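Chain residues, written in single-letter form:
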Amino acid sequence: MIKFMLMVNKQGQTRLAKYFAEFLSTDERRALEGEVVRKCLSRTDKQCSFYEHRQYKIVYRRYASLFFMVGVDDDENELAVLEFIHCFVEVLDKHFGQVCELDIMNEPEMVHYILDEMLINGQIVDTNKANILEPVQLLEQVVS
């Protein structure tokens, strides 16, 4: 089960944070994010894309200037989570057209909405890009 997802730039600034089924205070979340981000940013490209931290397995992947970090429990398959991250980035690319950090900063609610279409309560429910983007496109038609 996915416990949290972070999207962070190369300077370590959090651009998106979403927590599932874990009650952590704001200070605990800030401390956890800081520890996870420092560890991911300090790792080299030759190291594998997952490691253990506290009671979580951290799975991360870098796309351009953004790091996508996912904290999961011990039962989750790391390679499946890497595939989920890749699918999430593909959906963002399809929606925004070459997604960049500015897209995420300017439209964080849309990024959360897309993530909510893919995950419910930390469980992956859909990875089909067309199924995910259909309600997003309908929402944009209603808004405009």
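Residues numbered from 1 in each chain as written. Predicted model: local features only at pLDDT ≥ 70, side-chain atom pairs only at ≥ 80, totals over all residues. Heavy atoms only, no water.

**A look at the sheet that holds strand β4 (residues 56-63)**
By definition, the strands of a sheet pair up through backbone hydrogen bonds, in either a parallel or an antiparallel sense.
Then comes step 1: Spatial ordering of the open sheet is given by β2-β1-β5-β4-β3, a layout of 5 strands whose pairing is antiparallel. Every other strand in the sheet has two partners, leaving β2 (14-19) and β3 (50-53) as the edge strands with one partner each. Mean inter-strand twist for the sheet, computed between neighbouring axes without regard to direction, equals 20 degrees.
Then comes step 2: Of the strands in this sheet, β1 (2-9) and β2 touch helix α4 (residues 108-118), which is tilted by about 35 degrees from β2. (Pairing = 2+ DSSP bridges. Helix = DSSP H or I, 4+ residues; strand = E, 2+ residues; numbered from the N terminus. Axes fitted to C-alpha atoms, helices over the stretch in contact; angles between N-to-C directions. Contact = heavy atoms within 4.5 Å.)

**Quick word on the packing of helix α2 (residues 78-96) against helix α5 (residues 129-143)**
Then comes step 1: Where α2 contacts α5, the two axes come as close as 11 Å, and the packing angle between them is 35 degrees. As for how α2 packs across α5, the hand of that crossing is right-handed. Taken together, the residues of α5 that come into contact with α2 (itself represented by E90, V91, K94 and H95) are K129, I132, L133, V136 and E140.
Then comes step 2: Among the residues making up the contact of α2 with α5, the classes are represented as 4 nonpolar, 1 polar and 4 charged. (Left-handed = near helix turned anticlockwise from the far one by under 90°. Nonpolar A, V, L, I, M, F, W, Y, C, P; charged D, E, K, R; others polar.)

**A word on the nonpolar core**
Then comes step 1: If you look at the biggest cluster of nonpolar residues, it comprises 32 residues, and the most contacted ones within it are M7, F68, F88, L92, V111 and I114.
Then comes step 2: Within the residue set of this core, elements represented by two or more residues are β1, β4, β5 (66-72), α2, α4 and α5.
Then comes step 3: In terms of residues, this core owes the most to one element, α2, which gives 10 residues.
Then comes step 4: Discounting chain neighbours no more than four positions away, the residues touching M7 are Q13, T14, R15, L16, L66, F67, F68, F88, L92, I104 and V111.
Then comes step 5: Counting residues in hydrophobic clusters, the runner-up holds 15 residues, among them F4, C40, Y56 and M69. (Core = buried A, V, L, I, M, F, W, Y, C linked by side-chain atoms within 4.5 Å. Buried < 20%, exposed > 50% of the residue type's maximum accessible area, 1.4 Å probe, protein only.)

**Some details on the environment of N131**
Then comes step 1: Within the element layout of this structure, N131 appears in helix α5.
Then comes step 2: Taking C-alpha positions, N131 is 23 Å from Y63, a pair spaced 68 residues apart along the chain.

**Quick look at α5**
Then comes step 1: In this model, α5 (15 residues) spans 21 Å end to end at C-alpha, consistent with the 21 Å of a helix rising 1.5 Å per residue.
Then comes step 2: Those residues of α5 lying buried are I132, L133 and V136. Within α5, the buried residues cover an arc of 80 degrees as seen down the axis, which keeps them to one side. For α5, the exposed residues lying more than 90 degrees away from the buried face are Q141 and V142.
Then comes step 3: Residues of α5 that are buried make contact with α2 and α4.
Then comes step 4: N-capping of α5 is provided by N128, with a side-chain oxygen placed 2.9 Å from the backbone N of A130. (Expected span 1.5 Å × (residues − 1). Arc of directions from axis to C-beta. Polar contact = N/O pair within 3.5 Å; in protein donor to acceptor, adjacent residues only side chain to side chain.)

**A few points about the UniProt feature "domain: AP complex mu/sigma subunit" (unreviewed entry) in the protein**
Then comes step 1: Here the UniProt-annotated "domain: AP complex mu/sigma subunit" (unreviewed entry) positions come out as residues 1-141.
Then comes step 2: Segment residues 1-141 splits into 47% helix and 26% strand. End C-alpha atoms: 33 Å apart. (UniProt positions renumbered as here; feature names shortened; annotations may be inferred.)

**Quick look at the packing of aromatic side chains**
Then comes step 1: Under the criterion given, the structure shown has 6 aromatic pairs.
Then comes step 2: For the pair Y63 and F68, a centre-to-centre distance of 5.8 Å together with 80 degrees between the ring planes defines the contact as edge-to-face.
Then comes step 3: By relative accessible area, which is 1% here, F68 ends up buried.
Then comes step 4: Ring centres 6.5 Å apart and planes at 10 degrees place the aromatic pair F84 and F88 in the stacked group. One end of the pair, F84, and the other, F88, are both in helix α2, 4 residues apart, so they sit about a helical turn from each other. Each member of the pair, F84 as well as F88, carries the same accessibility label: buried.
Then comes step 5: Aromatic ring contacts, followed pair by pair, group Y63, F68, F84 and F88 into a single cluster.
Then comes step 6: Between K39 and the ring centre of Y51, over which it is positioned, the NZ or CZ distance is 5.4 Å. (Phe/Tyr/Trp six-rings, centres within 6.5 Å; stacked < 30°, edge-to-face > 60°. Lys NZ or Arg CZ within 6 Å of the ring centre and 35° of its normal.)

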